[in-house]
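# Structural description and commentary
Residue strings, one per chain:
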Amino acid sequence: MRHCFGHFLFTVSCILLPAAWSSSACAQNFTLSGSITDALSGEMIIGATLYDQPSGQGTATNTYGFYSLTLPAGEYIFTVRSLGYQALTDTVRLRENGVRDFRLSPAAVQLQEVVVSQAEDQAEEDVTSPRMGMTRIPLRLLASVPAIGGEADVVKLVQLMPGVVQGVEGSTGMFVRGGDGDQNLILLDEAVVYNVSHLFGFFSVFNPETLKDVTLHKGSFPASYGGRLSSVLDIRMKEGNNRKFTAEGGIGLLSSRVTVQGPIIRDRFSFMIAGRRTYVDQAAKAAGRTVPYYFYDLNAKANFRISDKDRLFYSTYFGNDVLAIATTRRDSSRGTDNVLDFGFTSGNYTNTLRWNHIHSQKLFSNISLIQTHFRYNVQGQFAGSALLAQSSISDAGLRADYSWYRNTGNLTGFGGSVVRHAFRPNLVNTSGNITEFFVSQSGKLLSTLESALYFLQERQFDSPFRLNYGLRLSMARVRAKNYFGIEPRLAVSYALPGKQALKLGFSRMKQYMHLLSSSSFSLPTDLWYPVTDSIRPQTADQVAVGYNRRFEKFKTAFTAEVYYKRMQNLIEYRPGAQLLLNNNYADELITGRGNAYGLELLLQKNAGRLSGWVSYTLSRARRQFAQLNEGKPYFARYDRRHNVALVGSFDLSQGITFSATWVFLSGARFTPPVGQYIIPNTGLSGVDVLPVYTARNSVKLPSSHRLDVNLIIRRRPGRKWSGEWHLGAYNVYNRAQPFRIDVAKDKNGNYQYQASGLFGFIPSVAYNFKF
């Protein structure tokens, strides 16, 4: 089968690859390649641009900081830029193939005119590139954007982008372009993170000081990505400073963290290690109270430069949530003590080993060995009974990605992956009286194999057209049965005068696993499971039309996109389904279809004293299941019609920054009871009172809006120790954000619905340091 895929990929490549040479190709061409790195830390810079302004020829570094540029022989004046760095200009006489590495120095905070200029090439590339639905999250704003308890969180920052809707207030749940929460592929150094939340979903597992680059894809997905329907959140960790030792961290109201990095062998071998832990439990204990919960994270990464053409990276993440409750109550009637011992642990760990190799100046490869694991354990002892419930999913995989820089404006990518998934859902052990309600279950191990081959082509023509296209062939083998998917990808852009462009994109995505969740929160009892004979792979077809424009005068970029997405084989629960500790969970599921469409607007300014963005989303998401709502279409639960986010950060002076966010959200959907009816019970000894509901998800919670602020006061720069105070507030005007609906009856017997909030005004203070 793998040989067939390989021959097919080769045949497709030969057919789809454009003719090699343009009219200028008669002249002798040479290739310049190399890397672009941070001059202080040695970190590879992703997306840095290298341009010769007179000829308009240039390129950008890939995910691993590598670039390749083929040009006719001659003399070129290259300008190298990246956001947040000082521009570098260098003259290169191209007479033969050569290697040139560039080092960029971070821009000083006070050099605002320099900082502004850094985004120009990248902003122009964003305008003319065929990529749609792709956003690079501005991590330099991560520390300044207000957050609950002063805890900077990259997932909360992503939720402020157009097309992304949060679930419960303050949670890390993401619902992208009408999709479900399990339709997001979240990667940490290429390893899948199955549970991204701590504290029941209110904080993500990503330590902000370990992050190097975060990219969100919502549409026109590159063919190298697959396995989910709605989005890809690709997160890359820092590699470790290979020039000097540094340490940074933060002390907040809820947790503290520290990150240490430095060289083991200067310019050759470096490391980064970071830890974070909540101390709410310890603080409460010191105050004579009990809060039996905490979480912790550990991130580590090492990179070793074997030679100029080879580099090894190893990265790992380990995190846990722990809840432990132990109480003793006296049973006076029996004269005995009843001991309640209850708790759970849940967590992830990931391991990624990557090998970068430069085969030639035009061919670059990355080979990765990836392991990831998520599990939960729930245990309890009470009144002579004991319960232990466990579930887990583990992955072990191999991935290979190749980039062939055939000539300027002509990039070919190809590769493949194979992953073994090991599911162990609902392992249950019980003893005592509880065995009458929950029977012990073995939780049999279920192994599946998911694989893919892909091909992609990025082509820039001499005309205003640019074209990206690709094909992904996916397969899952479950219980000796094969499921196949053909996933085409296409994106086209047409540049207009005045730094503006029109775009069109199409993508098909397949998903071969699903998440069972019995709550709006991220609970430890959520479990992943593969496709079955009755639950087919989910499929989504998405088409989008976009418009991009760059306003040079104001150094801002505007993006507008209209999309339509059709989804097949979506899953829902049967009415009255029992999911918790049920080993026959597949019998509780039904399949249906859905669609979503909307308009997304984004006005963004990434440089200067004032930076931030304004986003607006107008969207509609519907579902249809034969067994639900009488088979009629209904709105998805998180169908929020309007979504507005205003994010701003302003440097009042060199040492003081003020930032604020304002968010408006239409209410989520719910199904309220509107009456009751009475029927005789089965024994005809009385009656049962049953509720009458409206059509499914026919009523909206009230709309909500919230203002958050943050003031940063920095110590004067130029010292070895730098620190900054963060004084912030969440929900400044204390407006309740609808969280649940309380149903009651008035004196006339009419139903009344009252929306209850979760968080009110929450002040915060934190101190961050670096030395």
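Residues numbered from 1 in each chain as written. Predicted model: local features only at pLDDT ≥ 70, side-chain atom pairs only at ≥ 80, totals over all residues. Heavy atoms only, no water.

Two faces, one strand: in a regular strand the side chains alternate between the faces of the sheet. Counting buried residues in strand β27 (residues 446–460) gives eleven out of 15 residues, a clear majority hidden from the surface. As defined by bridge partners, strand β26 (residues 410–431) adjoins β27 across 14 bridges and the pair is classed as antiparallel. Pairing of Ala422 across the sheet is with Ser447, part of β27. Relative to strand β28 (residues 465–478), β27 runs antiparallel, the two being bridged by 13 bridges. Paired with Gln460 across the bridge in β28 is Arg466. Hairpin geometry of β27 and β28 is characterised by an intervening segment of four residues between the two adjacent antiparallel strands. (Buried < 20%, exposed > 50% of the residue type's maximum accessible area, 1.4 Å probe, protein only. Helix = DSSP H or I, 4+ residues; strand = E, 2+ residues; numbered from the N terminus. Pairing = 2+ DSSP bridges.)

In this section: the pairing of strand β4 (residues 66–72). For β4, the buried fraction is high: six of the seven residues fall into the buried class. Here strand β1 (residues 29–38) runs beside β4; their pairing, made up of seven bridges, is antiparallel. Counted as the bridge partner of Leu32 is Leu69 from β4.

Residue placement: Thr532 occurs in the loop between β32 (527–530) and β33 (538–551). Contact partners of Thr532, with chain neighbours within four places excluded, come to Arg479 and Tyr483. (Contact = heavy atoms within 4.5 Å.)

Okay, the pattern of salt bridges next. Counted by the stated rule, this structure contains 33 salt bridges. When the shortest N-O distance is used, the salt bridge between Arg177 and Glu600 registers 2.8 Å. Within this pair, whereas Arg177 is found in the loop between β11 (174–176) and β12 (184–188), its partner Glu600 is found in strand β35 (residues 589–605), the two being separated by 423 residues in sequence. Neither Arg177 nor Glu600 differs from the other in exposure class; each is buried. Note that Arg714 and Glu724 form a salt bridge whose closest N and O atoms lie 3.5 Å from each other. (Salt bridge = Lys/Arg side-chain N within 4 Å of Asp/Glu carboxyl O.)

So, on to the packing of aromatic side chains. Counted by the stated rule, this structure contains 25 aromatic pairs. Their ring planes at 20° and their centres at 5.8 Å tell us that Tyr76 and Phe78 sit as a pair that is stacked. Exposure remark for Phe78: the relative accessible area of 2% places this residue in the buried category. With centroids separated by 5.3 Å and ring planes inclined at 5°, the aromatic side chains of Tyr402 and Phe414 adopt a geometry described as stacked. Of this pair, Tyr402 sits in strand β25 (residues 385–407) while Phe414 sits in strand β26; the two residues are twelve residues apart in sequence, bridging distant segments of the chain. (Phe/Tyr/Trp six-rings, centres within 6.5 Å; stacked < 30°, edge-to-face > 60°.)

Treat this as a map of the structure, not an account of what it does.
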